[in-house]
Amino acid sequence: MDPSKAPLITLATGVAVARTLRGMNIDARIKWPNDILINNKKSLWNPYRSKC
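Overview of the structure.

Calculation rules
Residues numbered from 1 in each chain as written. Predicted model: local features only at pLDDT ≥ 70, side-chain atom pairs only at ≥ 80, totals over all residues. Heavy atoms only, no water. Helix = DSSP H or I, 4+ residues; strand = E, 2+ residues; numbered from the N terminus. Buried < 20%, exposed > 50% of the residue type's maximum accessible area, 1.4 Å probe, protein only. Pairing = 2+ DSSP bridges. Contact = heavy atoms within 4.5 Å. Axes fitted to C-alpha atoms, helices over the stretch in contact; angles between N-to-C directions. Expected span 1.5 Å × (residues − 1). Arc of directions from axis to C-beta. Salt bridge = Lys/Arg side-chain N within 4 Å of Asp/Glu carboxyl O.

## As for the environment of I36
As for its placement among the helices and strands, I36 is situated in strand 2 (residues 35-38). Take I36: its relative accessible area is 1%, and that puts it in the buried class. Residues I36 and V15 lie 21 residues apart in sequence; the distance between their C-alpha atoms is 9.1 Å.

Now the structure itself:
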């Protein structure tokens, strides 16, 4: 995979997670591409950490 595409994958994953949670009637929002807020509190979700 082209490393320059990583931010797009992170954003798309965040959108998918937030939409899925909202579909389950959980108040989920994206604060930053890798931060999901649940009931206005930051969750522990982080799609990945690169050590390259």
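From this point on, the discussion continues.
## Focus: the sheet that holds strand 1 (residues 28-32)
The strand order 1-2-3 describes an open sheet built from 3 strands, whose pairing is antiparallel. With one partner strand each, in any of the chains shown, strand 1 and strand 3 (41-42) form the two edges of the open sheet. Contacting strand 1 and strand 2, helix 1 (residues 6-23) runs over the sheet at an angle of about 155° to strand 1.

## What to know about helix 1
With 18 residues, helix 1 should cover 26 Å at 1.5 Å per step; its first-to-last C-alpha distance of 26 Å lies within 8% of that length. All of the buried residues in helix 1 are A6, T10, G14, A18 and L21. Projected down its long axis, helix 1 carries its buried residues within an arc of 105°, all on one side. Among the exposed residues of helix 1, those pointing more than 90 degrees away from its buried face are L8, R19 and G23. On its buried face, helix 1 is in contact with strand 1 and strand 2.

## Some points on unusual backbone geometry
A negative phi holds for most residues other than glycine; trans holds for most peptide bonds. Residue N39 is not a glycine yet carries a positive backbone phi of 55°. Locating N39 in the fold gives a position in the loop between strand 2 and strand 3. The residue N40 is not glycine, and still its phi comes out positive at about 65°. Inspection of the secondary structure puts N40 in the loop between strand 2 and strand 3.

## Let's talk about the pattern of salt bridges
In total, this model carries 2 salt bridges according to the counting rule given. Two residues, R29 and D27, come together in a salt bridge whose shortest N-O distance is 3.0 Å. Residue classification places R29 among the partly exposed positions, given a relative accessible area of 46%. A relative accessible area of 28% means that D27 is categorised as partly exposed. Of the charged contacts in the structure, one is a salt bridge between K42 and D35, with a shortest N-O distance of 3.5 Å.

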